[in-house]
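Here are the chains, one letter per residue:
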Amino acid sequence: MISDYPMFPHRGLNMDVARNFFPVEDIMRTIDALSFNKLNLLHLHATDAQSWPLEIPALPELAGMGAYAPGMSYSPDDLAQIQTYGAYRGVQVIIETDMPGHTASIAYSHPELIAAFNVQPDWATYGAEPPTGGLKLNSSAVYDFLGTMFNDLLPRVYPYSAYFHTGGDEVNANVYLLDETVNSNSSSLIQTLLQAFVDFTHAKVRAAGMTPVVWEEMLLQWNLTLGSDVVVQTWQSDSAVANTVAQGHKALAGNYNYWYLDCGKGQWLDFPQGTAAQSAWPYADYCSPTRNWRLMYSYDPLQGVPANQSSLVLGGEVHIWTEQTDPVNLDAMVWPRACAAAEVLWSGAKDVNGTNRSQILASPRLVEMRERMVQRNIGAGPVQMPYCTMNGTQCVD
Ligand code: ACM
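Residues numbered from 1 in each chain as written. Predicted model: local features only at pLDDT ≥ 70, side-chain atom pairs only at ≥ 80, totals over all residues. Heavy atoms only, no water.

*Asks:* Any details on the sheet that holds strand β1 (residues 10-16)? Residues and values, ideally.
*Replies:* Reading around the circumference, β1-β2-β3-β6-β7-β8-β9-β10 is the order of the eight strands in this closed barrel, with parallel pairing throughout. Within this sheet the neighbouring strands show an average axis-to-axis angle of 30°, counted without direction. Judged from the two bridges that link them, strand β3 (residues 92-97) and strand β6 (residues 163-165) form a sheet pairing that is parallel. Each residue of the ladder has a partner; that of E96, found in β6, is H165. With respect to the sheet, helix α7 (residues 238-246) is in contact with β8 (231-233), β9 (250-253) and β10 (313-320), its orientation differing from that of β9 by roughly 170°. (Pairing = 2+ DSSP bridges. Helix = DSSP H or I, 4+ residues; strand = E, 2+ residues; numbered from the N terminus. Axes fitted to C-alpha atoms, helices over the stretch in contact; angles between N-to-C directions. Contact = heavy atoms within 4.5 Å.)

*Asks:* Report on unusual backbone geometry, specifying residues and quantitative values.
*Replies:* Of the consecutive residues M99 and P100, the connecting peptide bond is found in the cis state with omega at 10°. If you trace the backbone, P100 turns up in the loop between β3 and β4 (114-115). Cis geometry is found at the peptide bond from S288 to P289, where omega equals 5°. Here P289 shows up in the loop between α9 (275-280) and α10 (293-297). Its identity is not glycine, yet E170 carries a phi of approximately 50°, on the positive side.

*Asks:* Talk me through empty space enclosed by the protein; I want residue IDs and the actual numbers.
*Replies:* Summed over all chains, the structure comprises one cavity of 30 Å³ or more. Computed from the structure, the largest cavity encloses a volume of approximately 40 Å³. For the largest cavity, the full set of lining residues is V17, L44, A46, L54, Y74, L79, I82 and I95. Looking at the lining of the largest cavity, the elements that each hand over two or more residues are β2 (41-47) and α3 (76-88). Of the residues in the lining of the largest cavity, the class split is eight nonpolar, no polar and no charged. (1 Å grid on protein atoms, 1.4 Å probe; cavity = no way out; pocket = protein on both sides within 12 Å on 5 of 7 lines; lining within 4 Å. Points joined across faces, edges and corners; volume = space filled by probe spheres on them. Nonpolar A, V, L, I, M, F, W, Y, C, P; charged D, E, K, R; others polar.)

*Asks:* Go over the nonpolar core with me, naming the residues and quoting the values.
*Replies:* Within the largest apolar cluster, 107 residues are counted, with the highest numbers of intra-cluster contacts made by M15, I27, M149 and W335. It is helix α4 (residues 140-157) that contributes the most residues to this core, nine residues altogether. Those residues in contact with I27, other than ones at most four positions away along the chain, are M15, V17, F22, L42, L44, Y74 and I82. Counting residues in hydrophobic clusters, the runner-up holds seven residues, among them L41, I94, Y163 and V231. (Core = buried A, V, L, I, M, F, W, Y, C linked by side-chain atoms within 4.5 Å. Buried < 20%, exposed > 50% of the residue type's maximum accessible area, 1.4 Å probe, protein only.)

*Asks:* Quick one: what's the story with the side chain of D285, residue by residue and with numbers?
*Replies:* You can see D285 is positioned in the loop between α9 and α10. Buried within the structure, D285 lacks any salt-bridge partner; R291 is the closest side chain of opposite charge, at an N-O distance of 6.6 Å. A polar contact is formed between the side chain of D285 and the backbone nitrogen of S288, at a distance of 2.9 Å. Once residues lying within four places of it in the same chain are set aside, the contact partners of D285 are C263, G264, K265, G266 and Q267. (Lys, Arg positive; Asp, Glu negative; His and termini not counted. Salt bridge = Lys/Arg side-chain N within 4 Å of Asp/Glu carboxyl O. Polar contact = N/O pair within 3.5 Å; in protein donor to acceptor, adjacent residues only side chain to side chain.)

*Asks:* Explain the layout of surface pockets to me, and be specific about the residues and the numbers.
*Replies:* One number sums up the size of the largest pocket: a volume of about 460 Å³. Together, 24 residues line the largest pocket, and E129, D262, W268, Y286 and E323 are the ones closest to its centre. Each residue belonging to the lining of the largest pocket can be placed in one class, and the counts come to 11 nonpolar, five polar and eight charged. There is about 340 Å³ of room inside the second largest pocket.

*Asks:* Please give an account of the packing of aromatic side chains that cites residues and values.
*Replies:* In total, this model carries 15 aromatic pairs according to the counting rule given. On the numbers, 5.9 Å between centres and 70° between planes, the contact of Y256 with Y260 is edge-to-face. Judged by its relative accessible area of 21%, Y256 is partly exposed. On the accessibility criterion, Y260 (2% relative accessible area) is buried. One aromatic cluster in this structure is built from W215, W235, Y256, Y260, Y286 and W321. One Lys or Arg, K38, reaches over the ring of W346 and ends 4.1 Å from the middle of that ring. Positioned over the ring face of F36 is R376, at 4.5 Å from the centre of the ring. (Phe/Tyr/Trp six-rings, centres within 6.5 Å; stacked < 30°, edge-to-face > 60°. Lys NZ or Arg CZ within 6 Å of the ring centre and 35° of its normal.)

Pasting the structure below:
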């Protein structure tokens, strides 16, 4: 007899397949590993500034020119294969097309839709990473494009997914200084235009039978009025979770201080010799240091959330942004650290007595889990030296 149930219904991995491309087999292997860990959602961050790998048959030029190379894109059959593979393993696949920021890759096929495309060298004024660029915010051509895009994509996603993620992180107001349909970086003007934008995309998602998901900035930075159905994915802080549910919205946790698997690899940007290199030395990335499994295990998605609002926290996602991850190191970047997040999402960060779970008890289990995953063809990295676990727990500080 096993009596067990999950603390949170939404237990996911957000995998960025736009910064680097991942063949379908890597995604299917990741779905296997998710299911081994009782994680039930794969959020594919399917498009971003650097590439658009998602094929839209009504707009063949989009991936045709926006993917990194021919073959580095997902056909409708690929998508259905991924979704079906997930469905048979209890892993719902959620697709994100991030917008209106993080969309420079649309400019490869539709330059007229994107403002501030690839501003150089001053990209940092207009975006978080090169290449800069955002969908024009007051453009009927953009809305026509989005209508065509969603009418093609959403019916293909719907049979497998309750949710569709419309993005919305890191919208940079300065982009709209260079957008002739806006010509301003006024927050109040951009807020009005973003409201119309999100109203449009969310109406499309709902009409297709799904529930919209957005990044936290849409609610917490831009103060948009979102439908009560909308799920807000937080990432910047614990207070973002608390503030979201305090407004009555459903929230996903995944604070980057704990659950960003990409952090700590050092900069991927190159720095010119001289003061730029000197001030960037020793080349830590923006979210250094590495989020190790113990830190991930210590994260409480309910931190700061009043008990009477905790049911609005649907769960969370651990994130692999892939500036420095590709199929070669994917497994070792995600596993076994995501196992620690999986246990938090299944069992909660605290035990029945409200005490933080013991890493001394967790580490032998994680070591075993890692061995099981390796036997099942997941390239999970080692947790400890065999010395630590061969004779009980030898390695307590
Ligand atoms: C994010 O890290 N921009 C969600």
